[in-house]
Amino acid sequence: MAMYRGVALAAGVMFCASVSAASVTTADRAAAAAAVVQGDPDCTGLTPFYWEIGDANGLLASGQGGTAIQGASKTFTATSVMPIASASKWVAATLMVEQAQGQVTPEMHQLLTMSGGYTNFSRCSSTTTVGACLAEPGIDGGANGDRNDAYIGAFYYGSGHMQVLGDRLGYGGYDVNGLADVIKQLPNTKRGLLYTTPELAGGMGVSINGYTQFLRNLISGAYSYMKPLLGSDPVCTTPNNPNCPSAVFSPINNSRAGGPNNISDERWHYSLGHWVEDDPTVGDGAFSSPGKFGFYPWVDASKSWYGVIARNDVVNVYSTDPKKQPYVTSVACGRKMRAAWLHP
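We now turn to the structure provided with this report. (Residues numbered from 1 in each chain as written. Predicted model: local features only at pLDDT ≥ 70, side-chain atom pairs only at ≥ 80, totals over all residues. Heavy atoms only, no water.)

### Brief notes about the overall build of the chain
Then step 1. Check the secondary structure of the chain and you find ten helices and 16 strands.
Then step 2. The C-alpha radius of gyration computed for the chain amounts to 19 Å, which stays within 12% of the reference 20 Å derived for 344 residues, consistent with globular compactness.
Then step 3. Considering only C-alpha atoms, the chain reaches an extent of 60 × 40 × 40 Å along its principal axes.
Then step 4. Among the 344 residues that make up the chain, the fraction classed as buried is 55%.
Then step 5. In the chain, of all internal contacts separated by at least 6 residues, the share reaching a separation of at least 24 is 61%.
Then step 6. Roughly 13500 Å² of accessible area belongs to the chain as shown, and the carbon and sulfur atoms make up 52% of that amount.
Then step 7. Averaging the coordinates of the 22 positive side-chain charges in the chain and doing the same for the 25 negative ones gives two points 5 Å apart. (Helix = DSSP H or I, 4+ residues; strand = E, 2+ residues; numbered from the N terminus. Rg over C-alpha atoms; globule rule 2.2 N^0.38 Å. Buried < 20%, exposed > 50% of the residue type's maximum accessible area, 1.4 Å probe, protein only. Contact = heavy atoms within 4.5 Å. Areas by Shrake-Rupley, 256 points an atom, 1.4 Å probe, with all protein chains shown as cover. Lys, Arg positive; Asp, Glu negative; His and termini not counted. Charge placed at Lys NZ, Arg CZ, Asp CG, Glu CD.)

Shown next, in the form of structure tokens:
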């Protein structure tokens, strides 16, 4: 049971004040989104999650979803803390764009759109720095910072690009504490965005309400340089598609570079550290940054609403079926919720 301006409501959803006196109210939108959470198999089949939708002024609706299973029975709330993996990319890219005052150089664009040839990144140890991590062992031998010249200009999703760019922009000496401190220099960003490893593209552990404040800042214009650049100069990302010969690896499509599109054939694009969900069949143009464990943040195409599915699925992340990966299933649920919210 939850409350709407002091009135108890069923369905386990918290409704906040309506956006306006228009015919479609916030309560209408929240009820439509909650119905998806509680009735659509793409949502009811997930491990437990917290969801939230809001606008530049704050939270408008939230609730619980998913099904408790062995190893994933935790109930998440707005203050829960969890690893977010690749959802870190949106934060790091925003930091870089804001500090560059929106002057995205060709090199920045290439590296923030995963097209710089840095395909050998594996991971950062927790006690190292941004720059020193580049010398740690890479996934195919050599070092994390090794560049494969054959992939320069080709979309190849991976953390090496941002790590190299961060080092070049002056973050090389930062450890996890230094990165947390520099993130706090962003406007209205004072809490809940921390690093567990100094991996700019995937090392964050956050409080959910810290990340939702980041999303509100994006649509409010607090990040005055990043907001107008959402979706800007996107690159195509779909491997094995003749219309996108430059794409080599995309976790939206294929589970390994050079492999078949065994996840989907959806045609998304990638902008500055975030996806553009603009598939011509099922896309709605939203901006997003799904993470490995199922954390799925988004901003709608109009830059009016934000949303998040917050979960930490440590069960299905080890599934051999790529279509069951938590980031894939969170997107499937989240975009149905978004559609319900936008068109109740």
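### Focus on the side chain of serine 88
Then step 1. Of note, serine 88 is situated in helix 3 (residues 88–99).
Then step 2. A polar atom in the side chain of serine 88 sits 2.7 Å from the backbone oxygen of alanine 85.
Then step 3. Look past the residues within four positions of serine 88 in its chain and what remains in contact with it is Leu200, Ala201, Gly202, Gly203 and Met204. (Polar contact = N/O pair within 3.5 Å; in protein donor to acceptor, adjacent residues only side chain to side chain.)

### Considering the state of the cysteines
Then step 1. Across all of its chains, the model carries three disulfides by this definition.
Then step 2. Two residues, cysteine 43 and cysteine 333, share a disulfide whose sulfurs are 2.1 Å apart. Disulfide cysteine 43-cysteine 333: torsion about the S-S bond near 105 degrees, hence right-handed. Linking cysteine 43 in helix 2 (residues 41–44) with cysteine 333 in helix 10 (residues 326–342), this pair joins segments that are 290 residues apart in sequence.
Then step 3. Look at cysteine 43 and you get buried, because its relative accessible area is 0%.
Then step 4. What pairs with cysteine 124 in a disulfide is cysteine 133, and their sulfur atoms sit 2.0 Å apart. Negative torsions about the S-S bond denote left-handed disulfides, and the value of about -90 degrees found for cysteine 124 with cysteine 133 makes this one left-handed. Accessibility classification places cysteine 124 together with cysteine 133 in one group, the buried group. (Disulfide = S-S within 2.5 Å.)

### Comments concerning the pairing of strand 16 (residues 306–310)
Then step 1. Most of strand 16 sits inside the fold, with five of its five residues counted as buried.
Then step 2. Bridge count between strand 15 (residues 296–299) and strand 16: four bridges; the pairing is antiparallel. If you follow proline 297 over to strand 16, its bridge partner there is valine 308.
Then step 3. Connecting the antiparallel pair strand 15 and strand 16 is a turn made up of six residues, with lysine 303 showing a positive phi of about 60 degrees. (Pairing = 2+ DSSP bridges.)

### Topic: the nonpolar core
Then step 1. Ranked by size, the top nonpolar core spans 50 residues in total, and within it Trp90, Leu112, Tyr211, Phe214, Leu218, Met226 and Phe295 carry the most contacts.
Then step 2. Counting residues per element, the ones that place at least two in this core are helix 3, helix 4 (106–112), helix 6 (160–171), helix 7 (176–183), strand 8 (193–195), strand 9 (204–207), helix 8 (208–220) and strand 16.
Then step 3. With seven residues, the single largest contributor to this core is helix 3.
Then step 4. Those residues in contact with methionine 226 that sit more than four places away from it in its chain are Trp90, Ala93, Thr94, Val97, Glu98, Leu218, Leu272 and His274.
Then step 5. Residues Leu46, Phe49, Cys244 and Trp341 belong to the second largest nonpolar core, which totals 36 residues. (Core = buried A, V, L, I, M, F, W, Y, C linked by side-chain atoms within 4.5 Å.)

Functional significance is not addressed by these values, which are geometric in nature.
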